[in-house]
Amino acid sequence: MIFFLRKKPINVDLFTSSPSVFDNAKPLKASHFVPAWWKKLPPDGYSGPNDLVPDLTIKSCYAFMELYNHGFIHPLWSDLNVQINPNGGYSYQYADHRSEITDHQDFQHIGSPFHKKYTQIKLISPWIARTKNPVNWMWVAPQWNGVGIEDMYIAHGTFPFHLIPSPLHINTFFRIPKETITHRLPFNFPLAHVVPLSENPIKLNHHLVDDVEYERLRSQTSMHHFFSRRLAQTKKICPHGKI
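Residues numbered from 1 in each chain as written. Predicted model: local features only at pLDDT ≥ 70, side-chain atom pairs only at ≥ 80, totals over all residues. Heavy atoms only, no water.

A.B. asks: Can you walk me through the environment of Pro19 in this structure?
C.D. replies: Turning to its location among the elements, Pro19 is positioned in helix 1 (residues 19–24). Residue Pro19 is classed as partly exposed on the basis of its relative accessible area of 47%. Sequence separation of Pro19 and Asp210 is 191 residues, and the distance between their C-alpha atoms is 9.6 Å. (Helix = DSSP H or I, 4+ residues; strand = E, 2+ residues; numbered from the N terminus. Buried < 20%, exposed > 50% of the residue type's maximum accessible area, 1.4 Å probe, protein only.)

Spelled out as C-alpha cells, the structure:
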C-alpha cells in the first residue's frame, strides 16, 4: 500500500500598519501575477508561412509554470517616480507622500558589475514577514513581468524569516544615464519574487496591526538583534556548549 503524505505548508505572517496597503497591495502567491501576455499566448504556432508542423510556445513550458507555482510576489504599494541623474544621484516621489527610499554607500559594492554604472536604492517596504519554519527565501526579479531586463534591476539574494521578523525591503539598481531620466513605476508593479528553498507549499497570513505593534516588530529587525539571536542559537547547538 502506498501512502501519500501531504506536505505541511510554510505559514508566513505578513504585517503592515497601513490600511490602504493592507486592502490594496498585499504580497500574494506568484500565481496571482502570471503575465497577461502569457495568458493570451496560444499553445502552438508557426514561425513561417510555409511551415507544415506547428511548434510549441512557452505556454507549455514546465519551468515557466513551476516558477509561478512557487513563492510570492511583492507588488509596489504606490505609484513611484524615480529620477536618475548622470552623476549617479537620484530623487523620488511616491504618490502616497509617505513611503521612503534609502541607499547603500557606493564603497559597499566596489568591484561588483553594478559599481559606478548603476545607482543603488532600497525601497522601504511597508510589510514585515515572520515565520516559524526554518527556511531560507530567495529573492529574484520577476523578469517575465518585465522587471530587471532594461534599466532597473532587482538585487538577488537569500534570507530567512524565522530568526527575526524581516522587513521586505527591495534593493534595486538603476542604470546611470547619459541624460537625466525619470522612471515611472505604477501601483501594483511586481517588484520581487520571493521563493522558499523548500518543496513545501506556502500559506500567507496578512495582518493589519496598529502603529505600536508595527514599531515593536520593526525594532526587532535590527542587525544587532539578528546577530545576537543567531549567536545564541549557535551556542545552543554547539556540541561543546561554547564557541
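Text resumes after the structure shown.
A.B. asks: What is the right way to look at the packing of aromatic side chains in this model?
C.D. replies: Evaluated as defined, the whole model comprises 13 aromatic pairs. Between the aromatic rings of Trp37 and Trp144, the centroid separation amounts to 6.0 Å while the plane-to-plane angle is 45 degrees, which identifies the pairing as tilted. On the criterion of sequence distance, the pair formed by Trp37 in helix 2 (residues 36–40) and Trp144 in the loop between strand 11 (136–140) and strand 12 (152–154) is long-range, its members being 107 residues apart. Within the aromatic cluster, the residues linked to one another by ring pairs are Trp37, Trp38, Phe64, Tyr68 and Trp144. Sitting above the plane of the Trp38 ring, Lys59 keeps its charged end 5.2 Å from the centroid. (Phe/Tyr/Trp six-rings, centres within 6.5 Å; stacked < 30°, edge-to-face > 60°. Lys NZ or Arg CZ within 6 Å of the ring centre and 35° of its normal.)

A.B. asks: Just checking my understanding: could you explain the pairing of strand 15 (residues 170–175) for this structure?
C.D. replies: Within a regular beta strand, the side chains point alternately toward one face of the sheet and then the other, so they alternate between its two faces. Here strand 9 (residues 118–123) pairs with strand 15 via six bridges, running antiparallel. Note that in strand 15 the partner of Lys122 across the bridge is Asn171. Where strand 12 meets strand 15, three bridges bridge the pair, whose relative direction is antiparallel. Each bridged residue has a counterpart across the sheet, and for Ile154 the counterpart in strand 15 is Thr172. (Pairing = 2+ DSSP bridges.)

A.B. asks: Help me out: how do you make sense of the nonpolar core in this one?
C.D. replies: Soluble globular proteins tend to pack their nonpolar side chains together in the buried interior. Counting 36 residues, the largest nonpolar core has Trp77, Leu123 and Trp137 as its most contacted members. Here Trp77 is in contact with Val21, Ala25, Tyr94, Asp96, Ser99, Leu123, Ile124, Ser125, Pro126, Ile170, Phe187 and Leu191, once residues within four sequence places are set aside. Ala30, Phe33, Val34 and Tyr68 belong to the second-largest nonpolar core, a separate cluster that totals seven residues. (Core = buried A, V, L, I, M, F, W, Y, C linked by side-chain atoms within 4.5 Å. Contact = heavy atoms within 4.5 Å.)

A.B. asks: What's the story with the sheet that holds strand 8 (residues 101–102) in this structure? I'm lost.
C.D. replies: The strands making up a sheet are joined through hydrogen bonds of the backbone, oriented either antiparallel or parallel. Taking strand neighbours across the sheet as the criterion, the four strands line up as 8-9-15-12 in an open arrangement whose pairing is antiparallel. Lying at the two open borders of the sheet, with one neighbouring strand each, are strand 8 and strand 12.

A.B. asks: Can you help me understand the sheet that holds strand 1 (residues 10–16) in this one?
C.D. replies: Read from one edge of the open sheet, four strands run 14-10-1-18, paired in mixed fashion. Pairing within the sheet leaves two strands with one partner each, and these edge strands are strand 14 (166–167) and strand 18 (202–208). Relative to strand 18, strand 1 runs parallel, the two sharing seven bridges. When the sheet's bridge partners are listed, Thr16 is paired in strand 18 with Leu208. Packing of helix 4 (residues 211–219) onto the sheet brings it into contact with strand 1 and strand 10 (128–130), and relative to strand 10 it is tilted by some 70 degrees. (Axes fitted to C-alpha atoms, helices over the stretch in contact; angles between N-to-C directions.)

A.B. asks: Looking at this structure, how should I read unusual backbone geometry?
C.D. replies: Excluding glycine, residues mostly have negative phi values, and the peptide bonds linking residues are mostly trans. Its identity is not glycine, yet His97 carries a phi of approximately 60 degrees, on the positive side. Even without being a glycine, Asn188 presents a positive backbone phi close to 75 degrees. For Asn188, the position within the fold is in the loop between strand 16 (181–185) and strand 17 (190–196). Overall, the relative accessible area of 33% leaves Asn188 in the partly exposed class.

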